[in-house]
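Results of the structural survey
Spelled out from the first residue to the last, the chains are:
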Amino acid sequence: MSTLTQKLSRPQWRQAAWITGTAVAIFLTFRWLPTGTNLNHMDFRVDARNSIDFCDPANPQFVPVVTAVSPVTMTLSFATPPVTGQPAEGTLVLRTSSGKVIEPVDLLVAHTKLLHLLIADPTLTDYQHVHPEPGRTRGEWTFSFTPRLNGVYRIFADFTPVATARSLYSFVDVTPSGSVPGAAKAPAPAWIVAQEGYRFMLEPAVLPVRAGKVADLTFSIVRADGGPVAMGPVMGAYAHLVAFDDQRSGFAHLHPMETDLAQLPDAKQPVLHFKITIPRAGRYVIWAQVVLADKETFVPFWFDVAP
Ligand SMILES: [Cu+2]
């Protein structure tokens, strides 16, 4: 009989048994408790040369979502087929390249939401930004949007997996039936837009904006009547900018340098600063999203990027 067993008295044995039992119970409890995401970074790996690069929020790049291979596919279904001009109730499922569905527990909250949908019509004159909610079935997300124009709508998904902690994207196209008369047409390039009693300005520090060069943008608003501009937070910032190329091959999601919501922008002429790098020359639109006097407002700035 080993020396240890000889040395331990009955109470000591009982104590050792208690400690071991408790340790096993704690271990099993932790094993049993949901540990958050069951996905790991391998679920987000794609063996393709042109796979999507995870995006660094500090240095927003334009991501060619359509041409790059994403490790996540998005499927979409509607309660009833979408019709132009009518609300469409959609259900989407995100699946990793390993076939696993992506649930709320698998995503980090980014800009106050788990999942962002950026929706645009072919002319990029109907841009909408919606936030799906988890559906009743695991892996399902539900949302609603009203296509205002004709043609093939592109729905980009923007999310941040817990497993990678970096933004990732996917997209799907949907064609509402029905149509509205007339063809929408993108306006001419302009860095100043008058809309809803406001003047919106987006000023690049250097013109023209050149491909591959960081562009410093200053966004500001004044009221046409000179009154105060009541800006409210949207997705944890005072403005969000989303840039698309006119082919909708991808986008860049920009957030202001001014991240402290306690720092209210100037009431007369609020000013926010952004950075963007656009890899290729061409025609682009930046949609600015702000909340003014509690009303969500979207403003398009069309511009050309020089080679
Ligand atoms: Cu969002």
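Residues numbered from 1 in each chain as written. Predicted model: local features only at pLDDT ≥ 70, side-chain atom pairs only at ≥ 80, totals over all residues. Heavy atoms only, no water.

1. Description of the domain arrangement of the protein chain
Counted only if it meets this: All domain edges in this entry derive from an automatic or database-based domain assignment. Contacts between residues were defined by any pair of non-hydrogen atoms, one from each residue, lying within 4.5 Å. Computed with a 1.4 Å rolling probe, the buried area is the accessible surface lost when two parts are put together, summed over both parts. Salt bridges are identified by distance alone: a Lys or Arg side-chain nitrogen within 4 Å of an Asp or Glu carboxyl oxygen. The definition of a polar contact used here is a pair of N or O atoms within 3.5 Å, where within protein one atom must be able to donate a hydrogen and the other to accept one, and adjacent residues in sequence count solely through side-chain atom pairs. Secondary structure elements follow DSSP: runs of H or I no shorter than four residues count as helices, runs of E no shorter than two count as strands, and numbering proceeds from the N terminus.
For the protein chain, the assigned domains are domain 1 (48–174) and domain 2 (192–306). A straight line from the C-alpha centre of domain 1 to that of domain 2 covers 22 Å. On the domain 2 side, the residues contacting the 28 residues of domain 1 number 28 residues. Overall, the association of domain 1 and domain 2 removes approximately 2,400 Å² of surface from exposure, summing both partners, and the carbon and sulfur fraction of that is 67%. Where domain 1 packs against domain 2, one counts zero salt bridges. Along the contact surface separating domain 1 from domain 2 lie ten residue pairs in polar contact (both at pLDDT 80 or more). Taken together, the elements giving at least two residues each to the side of domain 1 that touches domain 2 come down to strand 3 (115–120), strand 4 (127–130) and strand 7 (153–159).

2. A look at unusual backbone geometry
With omega at -5°, the peptide bond leading from L207 into P208 counts as cis. Assignment of secondary structure puts P208 in the loop between strand 10 (198–204) and strand 11 (209–210). You will see that A165, though not glycine, has its phi angle at about 55°, which is positive. Relative to the helices and strands, A165 is located in the loop between strand 7 and strand 8 (168–174). Not every positive phi belongs to a glycine, and A293 is a case in point at roughly 50°. Looking at the element boundaries, A293 is found in the loop between strand 17 (282–292) and strand 18 (295–306).

3. Re the coordination of the copper ion
To be explicit about the condition: Because no water is among the atoms considered, metal sites can look incomplete, with donors defined as N, O and S atoms within 2.8 Å of the metal, or 3.2 Å for Na, K and Ca. Under the classification used here, a metal with four donors is tetrahedral if each angle lies between 85 and 135 degrees, square planar if opposite donors are over 155 degrees apart and the others between 65 and 115, a six-donor metal meeting that same test is octahedral, and anything else is irregular.
On the protein side, the copper ion has H116 (ND1), H129 (NE2), H131 (NE2) and M235 (SD) as donor atoms, found 1.9 to 2.2 Å from it. The coordination sphere of the copper ion comprises four donor atoms, whose angles at the metal cover 99 to 124°; the geometry is tetrahedral. When the donors of the copper ion are listed by position in the chain, the intervening gaps give H-x12-H-x1-H-x103-M. Here H131 is found in the loop between strand 4 and strand 5 (133–134), whereas its partner M235 is found in the loop between strand 13 (231–232) and strand 14 (240–245), with 104 residues between them in sequence.

4. Thoughts on the sheet that holds strand 10
To be explicit about the condition: At least two DSSP bridges between two strands are needed for those strands to be called paired. Axes, fitted as lines to C-alpha atoms, cover a helix only where it is in contact. Angles between the N-to-C directions of the axes lie from 0 to 180 degrees.
Pairing in this open sheet of four strands is antiparallel, and the strands run 9-10-12-16 from one edge to the other. Each edge of the open sheet carries a strand with a single partner, namely strand 9 (192–195) and strand 16 (271–277). Between one strand axis and the next, the sheet turns by 20° as a mean value, whatever way the strands run. As defined by bridge partners, strand 10 adjoins strand 12 (residues 214–223) across seven bridges and the pair is classed as antiparallel. Each bridged residue has a counterpart across the sheet, and for L202 the counterpart in strand 12 is F219.

5. Digging into the packing of aromatic side chains
Where two aromatic rings form a pair, the distance of their centres and the angle of their planes describe that pair. Put simply, the rule is: Within 6.5 Å between ring centres, the rings of Phe, Tyr and Trp (the latter by its six-membered ring) count as paired, and their orientation is classed by plane angle as stacked under 30 degrees, edge-to-face over 60, tilted in between. Using a 1.4 Å probe on the protein chains alone, a residue whose accessible area is under 20% of its type maximum counts as buried, one over 50% counts as exposed, and one in between counts as partly exposed.
Across all of its chains, the model carries 17 aromatic pairs by this definition. Measuring from ring centre to ring centre gives 6.3 Å for F156 and F171, while their planes differ by 40°; the resulting arrangement is tilted. Remark: F171 occurs in strand 8 and F156 occurs in strand 7; sequence separation between them is 15 residues. With relative accessibility at 25%, the residue F171 sits in the partly exposed group.

6. Comments concerning the environment of P122
One can find P122 in the loop between strand 3 and strand 4. Each C-alpha atom of the pair P122 and A243 lies 14 Å from the other, and the pair is 121 residues apart in sequence. Filtering out sequence-adjacent residues up to four positions away, P122 remains in contact with N150, G151, V152, D246 and R248.

7. What about the environment of R95?
Position of R95 among the secondary structure elements: in strand 2 (residues 88–96). Take R95: its relative accessible area is 35%, and that puts it in the partly exposed class. Contact partners of R95, with chain neighbours within four places excluded, come to P71, V72, T73, T75, K100 and V101.

8. Focus on the sheet that holds strand 6 (residues 140–145)
Ordered by their spatial adjacency, four strands build an open sheet running 1-2-6-5, and the pairing between neighbours is antiparallel. Looking along the sheet, the strands with just one partner apiece sit at the ends: strand 1 (72–78) and strand 5. As defined by bridge partners, strand 2 adjoins strand 6 across six bridges and the pair is classed as antiparallel. Each residue of the ladder has a partner; that of V93, found in strand 6, is E140.

9. Thoughts on the pattern of salt bridges
The tally for this structure, following the rule as stated, stands at seven salt bridges. When the shortest N-O distance is used, the salt bridge between R283 and D304 registers 2.5 Å. Linking R283 in strand 17 with D304 in strand 18, this pair joins segments that are 21 residues apart in sequence.

10. Let's talk about a nonpolar patch on the surface
Just so we agree on the cut-off: Like-charged residues are merged into a patch within 9 Å and nonpolar side chains (Val, Leu, Ile, Met, Phe, Trp, Tyr) within 5 Å, provided each residue has over 30% relative accessible area and no salt bridge. The method behind every accessible area is Shrake-Rupley, applied with a 1.4 Å probe, and residues are considered shielded solely by the protein chains displayed.
A contiguous nonpolar patch, built from V24, F27 and L28 and spanning about 300 Å² of accessible area, is present on the exposed surface. Position of V24 relative to the elements: it lies in helix 2 (residues 10–32). Accessibility expressed as a relative area gives 44% for V24, which makes it partly exposed.

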